[in-house]
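# Structure assessment
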Amino acid sequence: MGIPSDCAWLNEMSGVQDNPAFQMDFKSALASEMTFWQKLRNITSPYHVAPHPKGIGGINIKPNHPLPKDLQTFMDESKDGVIFMSLGSHIEPSMFKDQMNAFLQVFRELPQRVMLKYNPENGTDIPPNVKTSKWFPQQDVLGKLFRPLQPNQPTNSIERKLFEDLRYSKDRRHTPAEEAVYWVEHSLKYPFALTPKSINLSAIELHMIDIGIFVTSVLLFSLYIIYFIFKFLKTLVCRNIKIKHKQKFIKLWK
């Protein structure tokens, strides 16, 4: 779990203000820099959050363990890097034989070695640079894949972004589990210490609709006063012009 404020309905439940001008729902495909029209249709660049949401991202990640010897050798001997592909635990690749065979043909042309979570049928033509298995120690494999990434090595924006995300996730005072335990105990000891005032506000107060109405009223009243002043000045000027024309006309007749 990360900071819940990247989800609009969790914001509402926890009393965190949701501003679509710069906050994005985690399901949104928009970037952090949005145009005016994107902001209009937007339903997570950093933004302020209340003190009660606590991030425990990475709590599911366990310390890496050494890889089995065959996997370690397969990865170490790859000069061009390793690609790991998995369709997850809810999709059975054997149900998509044609698609998987197409993947195998593409992998055959790659210089990298490929670890593919797939249990092919007997007689399937497996490229020499592909290692298939029904199960891989995925977390340990991914830990091995990202380990060589050092600050002086990223060569493109994707690698730099990966390195920054990894560095941020590791640069923390406590482990995610310790962080979760601390805040649970803190909340039990001081039940309302982190409860924000906003959670007890009405929708009108939370979204400052009353303030908006007041400011709009002041602006409209100010515009009315300005209009009235201009109208008065116009009437005064027109009256003076009429008086001058009348006096001039009288002089001509005399």
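Treat the numbers as computed from the prediction; the structure is a model and nothing was measured.

Parameters at a glance
Every chain is numbered on its own, with residues counted from 1 as its sequence reads. Given that this is a predicted model, residues contribute local features only at a pLDDT of at least 70 and side-chain atom pairs are listed and counted only at 80 or more, while totals for whole chains, interfaces and linings are drawn from all residues. With hydrogens and water stripped out, all remaining heavy atoms of the structure feed into the side-chain values. Here a strand is any run of E in DSSP of at least two residues, a helix any run of H or I of at least four, and the numbering for each starts at the N terminus. For the accessible areas, the method is Shrake-Rupley and the probe is 1.4 Å, while residue cover comes only from the protein chains on display. Relative accessibility thresholds used throughout: buried, under 20% of the residue-type maximum; exposed, over 50%; partly exposed, between the two (1.4 Å probe, protein chains only). A 3.5 Å cut-off defines polar contacts: any pair of N or O atoms within that distance qualifies, except that in protein one atom must be a possible hydrogen donor and the other a possible acceptor, and neighbouring residues in sequence count only when both atoms are side-chain atoms. Contact definition: two residues touch when any of their heavy atoms are within 4.5 Å. Here the rule is simple: two strands pair whenever DSSP picks up at least two bridges between them. Throughout, an axis means a line fitted to C-alpha atoms (over the contacting stretch in the case of helices), and angles, computed between N-to-C directions, take values from 0 to 180 degrees. The crossover handedness rule: strands pointing away from the viewer, path from first strand over the helix to second strand clockwise, crossover right-handed. The salt bridge criterion pairs a side-chain nitrogen of Lys or Arg with a carboxyl oxygen of Asp or Glu, the two atoms within 4 Å. By definition here, a helix of n residues has an expected span of 1.5 Å times n minus one. This arc is built from the directions going out from the helix axis to the C-beta atoms. What is meant by a nonpolar core is a set of buried Ala, Val, Leu, Ile, Met, Phe, Trp, Tyr and Cys residues, joined one to another through side-chain atoms within 4.5 Å.

Further remarks concern the overall build of the protein chain. Broken down by element type, the protein chain carries nine helices and three strands. When the helices and strands of the protein chain are read in sequence order from the N terminus, they spell out α-α-α-β-α-β-β-α-α-α-α-α. Split by element, the accessible area of the protein chain, about 19,600 Å² in all, is 63% carbon and sulfur.

By the element assignment, Asp140 lies in helix α5 (residues 138–146). Classification of Asp140 by relative accessible area gives buried; the value is 13%. A polar contact of 3.0 Å, which involves the side chain of Asp140, links it to the backbone nitrogen of His65. Once residues within four sequence positions are removed from consideration, Asp140 is found in contact with Pro63, Asn64, His65 and Leu67.

As summarised here, the arrangement of the three strands in space is β1-β2-β3, forming an open sheet in which the pairing is parallel. Of all the strands in the sheet, just β1 (82–85) and β3 (130–133) have a single pairing partner and so form its edges. Taken pair by pair, the neighbouring strands of this sheet meet at an average axis angle of 15°, ignoring direction. Where strand β2 (residues 113–117) and β3 come together, four bridges link them in parallel fashion.

Moving on, we get to the pairing of β2. In the sheet, β1 pairs with β2 via four bridges, with the strands oriented parallel. The partner of Val82 across the bridge, within β2, is Arg113. Of the crossover connections in this fold, the one passing from β1 over helix α4 (residues 97–108) to the parallel β2 is right-handed.

Okay, the pattern of salt bridges next. Following the criterion strictly, the structure yields three salt bridges and no others. In this structure, Asp70 engages Lys131 in a salt bridge whose closest nitrogen and oxygen atoms are separated by 3.7 Å. Of this pair, Asp70 sits in helix α3 (residues 69–76) while Lys131 sits in strand β3, and the two are 61 residues apart along the sequence. Judged by its relative accessible area of 44%, Asp70 is partly exposed. Among the ionic pairs, Asp125 bridges to Arg108, the shortest N-O distance being 2.8 Å. Linking Asp125 in the loop between β2 and β3 with Arg108 in helix α4, this pair joins segments that are 17 residues apart in sequence. Look at Arg108 and you get partly exposed, because its relative accessible area is 30%.

Quick look at α4 now. If you check α4, its first and last C-alpha atoms are 16 Å apart, about what twelve residues at 1.5 Å a residue would give, namely 16 Å. Among the residues of α4, Met100, Leu104 and Phe107 are the ones counted as buried. The buried residues of α4 occupy one face: seen down the axis, they fall within an arc of 65°. Here the buried face of α4 lies against β1, β2 and β3.

Let us now look at helix α7 (residues 176–189). End to end, α7 covers 20 Å across 14 residues, agreeing with the expected 20 Å (1.5 Å per residue, within 8%). Those residues of α7 not exposed but buried are Pro176, Glu179, Ala180, Trp183 and His186. Projected down its long axis, α7 carries its buried residues within an arc of 135°, all on one side. In α7, the exposed positions that point more than 90 degrees away from the buried face belong to Glu185, Leu188 and Lys189.

Moving on: the side chain of Asn129. As for its position among the elements, Asn129 is in the loop between β2 and β3. From its side chain, Asn129 meets the backbone oxygen of Gln112 in a polar contact 3.0 Å long. When near neighbours in sequence (up to four residues on either side) are disregarded, Asn129 contacts Phe74, Phe107, Arg108, Leu110, Gln112, Arg113 and Val114.

Here we come to the nonpolar core. Among the nonpolar cores identified, the biggest contains nine residues, and these are Leu67, Leu71, Phe74, Met75, Val82, Phe84, Met115, Phe136 and Val141. Put simply, the parts of the chain that give this core at least two residues each are α3 and β1. If you tally residues by element for this core, the top one is α3, at three residues. Not counting the four nearest positions on each side in its chain, Val141 is found in contact with Leu67, Met75, Phe84 and Met115.

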